[in-house]
Protein chains: 2
Amino acid sequence: MNGNAVRVALLGCGTVGGEIVRLLREQAGELAARAGAPVELVGVAVRRPHKHPELGDLLTTDATALATREDVDVVVEVIGGIEPARTLLLEALKAGKSVVTANKALLAEEGAALAEAADASGVDLFYEASVAGAIPLLRPLRESLAGDRITRVAGIVNGTTNFILSAMTESGAGYADALEEATRLGYAEADPSADVDGYDAASKAAILATLAFHTRVTAADVHCEGIRHVTASDIAAARGIGCVIKLLAICERTPATPDTPESVSARVYPAMIPATHPLAAVDGAFNAVFVEAEAAGQLMFYGQGAGGAPTASAVLGDLVAVARNRVHGGRGARESAYARLPVLPIGAVATRYHVSLEVADRAGVLAAIAGEFSAQGVSIAAVRQTGGVADSAGADTVSAARLVVVTHAAPEAALAATVRVLAGLDAVHAVDSVLRVEDLGRKGVAP
Amino acid sequence: MNGNAVRVALLGCGTVGGEIVRLLREQAGELAARAGAPVELVGVAVRRPHKHPELGDLLTTDATALATREDVDVVVEVIGGIEPARTLLLEALKAGKSVVTANKALLAEEGAALAEAADASGVDLFYEASVAGAIPLLRPLRESLAGDRITRVAGIVNGTTNFILSAMTESGAGYADALEEATRLGYAEADPSADVDGYDAASKAAILATLAFHTRVTAADVHCEGIRHVTASDIAAARGIGCVIKLLAICERTPATPDTPESVSARVYPAMIPATHPLAAVDGAFNAVFVEAEAAGQLMFYGQGAGGAPTASAVLGDLVAVARNRVHGGRGARESAYARLPVLPIGAVATRYHVSLEVADRAGVLAAIAGEFSAQGVSIAAVRQTGGVADSAGADTVSAARLVVVTHAAPEAALAATVRVLAGLDAVHAVDSVLRVEDLGRKGVAP
């Protein structure tokens, strides 16, 4: 044991953990020079030690003992999930260990408890790897923009869904085929739910909103819709109005009005964005996050959002920072939640919408439908009607038309009420799709 | 005076300084919450106080006295240039003040002296605003990627030249017309030399290389070529091989070979890059920097590289970090130069080249020219000859052809020697242009 070394315990040794071990060994000299002392791996907790023969004496199955072991300075957690990670990290923090974790689900649910435990012990809690892999994003939000007012964070933070949507856009494939390809190529897991249903992105949105707005936002505060229902027709419809569909995590600050206080929202859903927006060009498994701040203006961060080596890079960046603080004293910047802004329910969040309807092709239908939008206070930006589509009922004596309505920004509740009413109209054969349109600061998206 | 406030002295109050004053006032509550104590402006040093009546008693013309005043904790410098900024900041650091500066020229020349002075006093020296304005870039390089090996930093770090080159690309305009438009719109200064001759970008390259490679690189180490000689023909020629021309700052790590040690290079020049590269889409006055690291892979940072508010945002981010350290103890991460890698002279830096020649249109010329490339060890990737161009000598009895040669990567010295020999050949009427081609990790650029 090196007397002045910073001693690291690693909890979990899967893809990311294996890369961490490799980098700690290969870059030992460089890490020591940057941290001010050797960074020494003193233990690795795994469930199946026989799978890691190269780690020899470092291995243990007793994660609790390792996380609180007296000679350990820093605990790095790459197990994932809520338990046992939560209990292990709370105990480590309580025992005075600094913590570096890549665990987005845990941060999004128990971030407050972890931050309090870190504060109580006066130690560091860093988690750059939890959002957007190797892309430096949390540190810029927490530190670089600490003198600014962030108004929006919007990004592509899940590589699996971006791969699927990119494939659908490029090839015209349907969702099922694109998912199958993603699975075959290793971009989607056997059970893809956490990705395709948006939960992974929602955890990240909670972490981003908390940092951006100095307000505690948990995964439960994030409205979440996945991409299972996005069709090839939706992709084509987006192209028709100069857009592409991306699964977005959006964290937004809504200014105060005479009637409502300043508030924030955090939501995840597939949305049409202008094809000219920088986020539209982010293809495949890459991630990118767009940040808008009052003084800084628009910023974008782009890179690999997942994978063993990129995630390990982010973990090691945090580890060097923690080690440097252990050597030189001081603590890194921590999140703050002083602003305590209310989180808007999704019904109050206003966005634009693209609504595709199959309607009866006869006089008065457009007026009736426009009237229902108007009755709910939803303003129509543009309408396009194309006749002669086959009626969904298959009765070839009935003439049907496709009607696409793009609205101005309207609260989700008003749009949902409109769609409910439309679905009940005789003249409306089917509401084929309802998708949000996010201009993200670019104007002029219209059919 | 607030007893526990962090007291700030501002040196200089031009566009950026004015924005800093505004933000310090408008966001006082938020900054205090984030820093842990009020951040109080206690003095502003300017040369012409009558131009700043709104600052009243805060004003002084004695910058030295303000920078070392006993009640000042942090000195923010936005004067620019080497002197008096250098002397002021060295005295401030010596007096135990932390320093935040946006002064790229000073950092690129005197970074070592400033860092040593900060270390000697145990205070912070931050300068995020010195490169790429509001884009969080230095903190990610210094901290987020501290656990990784950065192999390349390549970017567009000067908005003026990017505006000019974008205008030339979009409209086909020549350099002089595009510069005139940039000046008219306020993107270029009356004396544009610092921008168009590449000195501004070279300072930034020195700062980036120092942080990326943990090796002291000064402005004098950076090979620097500007954009004055880029013509509309060059832009068209770039388009012909699927490229656009950008003024790049490139910092690169060159691996060791059996004969040479690991080394780094830093250079600024206009270069053809693939139109499909993310940097190619960065238009107008925006900045973007591409970073490659062994574990993290490719990252890109994009945003506004200049302007009062964006630059002030970066200064305030640093100011909050410094203030937090004053309140809670500790120091931020500082640059390290432990690696001390040799800096390659430009002659040894290998890139690809696009060489455009006007040659005699007769048998044997291509063979002779190809032979000269070969004699210098420069391998040709592709050649395109187009006949029938007017001869530059104006003698219409002489038949001339245009010959474009794109090389594989070759050392600058070998290419320069080749061009010298070619220029002396009878068959070569003129060497019209020599431009570098930077693939930046993308393969397959060829005529």
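Residues numbered from 1 in each chain as written. Chains lettered and ligands numbered in written order. Predicted model: local features only at pLDDT ≥ 70, side-chain atom pairs only at ≥ 80, totals over all residues. Heavy atoms only, no water.

### Some words on the packing of aromatic side chains
One pass over the full model with this rule turns up five aromatic pairs over all chains. On the basis of an interplanar angle of 5 degrees and a centroid distance of 5.1 Å, the ring pair of B:Phe286 and B:Tyr302 is categorised as stacked. With B:Phe286 in strand β11 (residues 286–293) and B:Tyr302 in strand β12 (residues 297–304), this pair connects stretches of sequence that are 16 residues apart. Here the guanidinium or amino end of A:Arg139 rests over the ring plane of A:Phe126, the centre of that ring lying 5.6 Å away. (Phe/Tyr/Trp six-rings, centres within 6.5 Å; stacked < 30°, edge-to-face > 60°. Helix = DSSP H or I, 4+ residues; strand = E, 2+ residues; numbered from the N terminus. Lys NZ or Arg CZ within 6 Å of the ring centre and 35° of its normal.)

### Points about the domain arrangement of chain A
Residues and elements named next belong to chain A. Looking at chain A, the domain boundaries give domain 1 (6–133 + 308–328), domain 2 (141–304) and domain 3 (347–437). If you average the C-alpha positions of domain 2 and of domain 3, the two centres end up 26 Å apart. Contacts between domain 2 and domain 3 engage 13 residues on the former and eight residues on the latter. Summed over both partners, the interface of domain 2 with domain 3 buries about 940 Å², with 63% contributed by carbon and sulfur atoms. Remark: the boundary between domain 2 and domain 3 carries one salt bridge. Here Glu-225 and Arg-436 are joined by a salt bridge, their closest N and O atoms 3.1 Å apart. Linking domain 2 to domain 3 there are three residue pairs in polar contact (both at pLDDT 80 or more). Among the elements of the structure, α11 (232–240) and β10 (263–274) are those that each provide at least two residues to the side of domain 2 that touches domain 3. It is β10 that contributes the most residues to the side of domain 2 that touches domain 3, six residues altogether. Of the residues contributing to the side of domain 2 that touches domain 3, the split by class is seven nonpolar, three polar and three charged. (Domains from an automatic or database assignment. Contact = heavy atoms within 4.5 Å. Buried area = accessible area lost by both parts, 1.4 Å probe. Salt bridge = Lys/Arg side-chain N within 4 Å of Asp/Glu carboxyl O. Polar contact = N/O pair within 3.5 Å; in protein donor to acceptor, adjacent residues only side chain to side chain. Nonpolar A, V, L, I, M, F, W, Y, C, P; charged D, E, K, R; others polar.)

### A short note on the UniProt feature "active site" (unreviewed entry) in chain A
The residues that UniProt annotates with the feature "active site" (unreviewed entry) are A:Lys204. Its relative accessible area of 6% is what places A:Lys204 among the buried residues. (UniProt positions renumbered as here; feature names shortened; annotations may be inferred. Buried < 20%, exposed > 50% of the residue type's maximum accessible area, 1.4 Å probe, protein only.)

### Here's the deal with the interface of chain A and chain B
Tallying the contact residues gives 45 residues for chain A and 45 residues for chain B. Summing both sides of the interface, chain A and chain B together bury roughly 4000 Å²; the carbon and sulfur share of this comes to 53%. Linking chain A with chain B are four salt bridges, by the criterion used here. A salt bridge links B:Arg149 to A:Glu30; its shortest N-O distance comes to 2.7 Å. Counting every contact that joins chain A to chain B gives 18 residue pairs in polar contact (both at pLDDT 80 or more). Secondary-structure elements contributing two or more residues to the side of chain A that touches chain B are α2 (28–35), α6 (138–144), β12 (297–304) and α12 (308–328) of chain A. Here the residues of the side of chain A that touches chain B sort into 22 nonpolar, 13 polar and ten charged. Judged from the three bridges that link them, β12(A) and β12(B) form a sheet pairing that is antiparallel. Paired with A:Tyr302 across the strands is B:Met300, a residue of β12(B). (Pairing = 2+ DSSP bridges.)

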